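# Overview (structure and organization)
Residue-level listing of the chains:
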Amino acid sequence: MTGTAFTVHAPGRVNLIGDHTDYAGGLALPCAIDLGITISGTHQQGRVELRSDALADIVAFDLDAASNIASIQPQWGRYIAAVAQELKSAQGFTASVISTLPTGAGLSSSAALEIASALSFGFAGSPMDLALVGQRAELAAVGVPCGLLDQLSIVFGRAGYAMVIDFTDNAIEHVAFPDDLDIVVLHSGQERELADSQYAERRAMCELAAERIGPLASASTTDINSLTGVMQSRARHVASECERVRQAAVALRDNDPTTVGQLMTQSHASLRDDFDVSTSVLDELVERLNSTPGVYGSRLTGAGFGGCVVALSERGAISDPNALSGRGWIVHPSDGARQLAP
Ligand code: GLA
């Protein structure tokens, strides 16, 4: 019997400003982008078989074996098995995956794979539940206690809009992205392994700080100064980053890219000095971008520890992003994850 045909797409995301704030109940200003993951195939009962355009290996497992996530090879199949587990899906698929997203680059390739596979399993719940499935699958697949930034950006993206996300209640406000600006993304060439990185340690430190002084997103300077050492620096980053997101959202609405760019560059300094998640390659890319005519500001984007930097520029200021870092893109705010016609 032939299963029903499907095609789904999940975009990546770039975070314009507001990193390491989501798990602290703070604010971020990301958008979904026009790089992403498309899965196309037919449904079949009880089994997943997925080929990738980029990787030679095939993910193949029976759904009743999906609970043993750590046994799934190749490793990228663990995200799919984790989603299957979350959904308790009896329906699988035979499909192929095409990705235009670089992996381990801070553009949410793993979250895009989670969301695209949930749609491939036939997920039919609410968009918020779709995002939550992706977040839980990330933890189950690779043990990363991520926030909801990536999944919400990917699910709720809208072409032509960035979004302000308030993680106290996951409220999302779409903000029109001016069409005379470019979002430039440059790859550092350093692949980031969140599971191996100090992401969980940073999160735990923020939670400890919040136990002492309350929510970091609204902490005062006096609160922050009552902490000491590294904990004080980490808390200062979260509090100051949330304030920068508030100001950047106002400036974006006012079509004031100069202010948005300055805030982005300040965000990079805070991620570098207070949160200690930058690398010398990322710092150097930010400096190179900021000395390029027409660039308003730039910063590392995502978790850091390698991956990409993002810059805001006048339209056309950087005609060939590859020339600046070897690998780069001009990306556009795009629609969120969706079914496409088979
Ligand atoms: C990763 C995580 C997100 C978020 C960012 C940093 O992308 O998956 O939840 O914490 O890092 O802002």
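Residues numbered from 1 in each chain as written. Predicted model: local features only at pLDDT ≥ 70, side-chain atom pairs only at ≥ 80, totals over all residues. Heavy atoms only, no water.

### With respect to the overall build of the protein chain
Heads up, the rule is: Secondary structure is summarised from DSSP: a helix means a run of H or I of at least four residues, a strand means a run of E of at least two, and numbering begins at the N terminus for each. Radius of gyration: over C-alpha atoms. The globule rule applied is 2.2 Å multiplied by the number of residues raised to the 0.38 power. Burial classes: relative accessible area under 20% of the type maximum marks a residue as buried, over 50% as exposed, and values in between as partly exposed (1.4 Å probe, protein chains only). In what follows, residue pairs with any heavy atoms lying within 4.5 Å of each other are defined as contacts. Surface exposure here means Shrake-Rupley accessible area, sampled with a 1.4 Å probe, where a residue is shielded only by the protein chains that are shown. Two residue types count as positive, namely Lys and Arg, and two as negative, namely Asp and Glu; His and chain ends fall outside the count. Working definition for charges: the position is that of NZ of Lys, CZ of Arg, CG of Asp or CD of Glu.
A count of helical and extended segments in the protein chain gives ten helices and twelve strands. Taking 2.2 N^0.38 as the reference for a compact globule, 342 residues should give roughly 20 Å; the C-alpha atoms of the protein chain span a radius of gyration of 20 Å, in line with that estimate. Overall size of the protein chain, expressed as C-alpha extent along the three principal axes, is 65 × 45 × 35 Å. Every one of the 342 residues in the protein chain was classed for burial, and the buried ones make up 57%. The contacts of the protein chain with a sequence gap of at least 6 include a subset with a gap of at least 24, amounting to 70%. Carbon and sulfur atoms form 49% of the exposed surface of the protein chain, whose accessible area is close to 13400 Å². Taking the 22 positively charged and 39 negatively charged side chains of the protein chain as two groups, their mean positions are separated by 2 Å.

### Some details on the site of the ligand
Applied cut-off: Near residues are defined by distance, with any heavy atom within 4 Å of the molecule or strand qualifying the residue. Polar contact is defined as a pair of N or O atoms within 3.5 Å, subject to the rule that within protein one atom must be able to donate a hydrogen and the other to accept it, and that residues adjacent in sequence are counted only when both atoms are side-chain atoms. Method remark: on a 1 Å grid restricted to protein atoms, a set of points is classed as a cavity if a 1.4 Å probe fits but cannot get out and as a pocket if it is open with protein on both sides within 12 Å along at least five of seven lines; lining residues have an atom within 4 Å of a point. Molecule-in-pocket calls rest on the fraction of atoms, with more than half required to lie within 2 Å of the cavity or pocket grid points. Following the grouping adopted for this structure description, the nonpolar residues are Ala, Val, Leu, Ile, Met, Phe, Trp, Tyr, Cys and Pro, the charged ones are Asp, Glu, Lys and Arg, and the polar ones are all others, Gly among them. What marks off one domain from the next here is an automatic or database domain assignment.
Around the ligand, the structure places Arg13, Asp19, His20, Asp22, Tyr23, Cys146, Gly147, Leu149, Asp150, Tyr199, Gly302 and Ala303. In the model, an oxygen atom of the ligand is placed 2.6 Å from a nitrogen or oxygen of the aspartate 150 side chain. Tyrosine 199 has a polar side-chain atom sitting 2.6 Å from an oxygen atom of the ligand. Among the cavities detected, the one that contains the ligand is the largest pocket. Its residues assigned to classes, the shell around the ligand shows five nonpolar, three polar and four charged. Each of domain 1 (3–175) and domain 2 (179–329) accounts for three or more of the residues forming the shell around the ligand.

### Looking at the environment of asparagine 170
Relative to the helices and strands, asparagine 170 is located in the loop between strand S6 (161–166) and strand S7 (171–176). Expressed as a C-alpha distance, the spacing of asparagine 170 and leucine 300, which sit 130 residues apart in the sequence, is 23 Å. Discounting chain neighbours no more than four positions away, the residues touching asparagine 170 are Met128, Leu148 and Leu152.

### Regarding the pattern of salt bridges
Convention followed: When a carboxyl oxygen of Asp or Glu lies within 4 Å of a side-chain nitrogen of Lys or Arg, that pair is called a salt bridge.
Tallied over the entire structure, the rule returns 15 salt bridges. In this structure, the salt-bridge partner of glutamate 86 is arginine 136, at a minimum N-O distance of 2.7 Å. Here arginine 136 lies in helix H3 (residues 127–142) and glutamate 86 lies in helix H1 (residues 77–87), a separation of 50 residues in the sequence. Under the relative-accessibility criterion, arginine 136 is labelled partly exposed at 40%. The residue aspartate 274 makes a salt bridge to arginine 236 at a minimum N-O spacing of 2.9 Å. In this pair, aspartate 274 is assigned in the loop between helix H8 (257–273) and helix H9 (280–290) and arginine 236 in helix H7 (residues 229–253), connecting sequence segments 38 residues apart. Aspartate 274 sits in the buried class, given a relative accessible area of 13%. Overlapping salt bridges, with partners in common, bring together Asp19, Glu241, Arg244 and Arg299 in one network.

### What to know about the sheet that holds strand S8 (residues 181–187)
Our working rule: Strand pairing follows a simple DSSP-based rule, namely that at least 2 bridges must link the two strands. A fitted line through C-alpha atoms serves as each axis, taken over the contacting stretch for helices, and the angle formed by two N-to-C directions is quoted from 0 to 180°.
If you walk across this open sheet you meet the four strands as S9-S10-S8-S11, and the pairing is antiparallel. The open sheet has two edge strands with one neighbour each: strand S9 (295–301) and strand S11 (328–331). With strand direction ignored, the average angle separating the axes of adjacent strands in the sheet is 20°.

### Focus: the UniProt feature "domain: GHMP kinase N-terminal" (unreviewed entry) in the protein chain
For clarity, the threshold we go by: UniProt positions are given in the numbering used here, feature names are shortened, and annotations may be inferred rather than shown by experiment.
Feature annotation in UniProt assigns "domain: GHMP kinase N-terminal" (unreviewed entry) to the following positions: residues 80–157. Secondary structure within residues 80–157 divides into 56% helix and 12% strand; the distance between the first and last C-alpha atoms comes to 22 Å.

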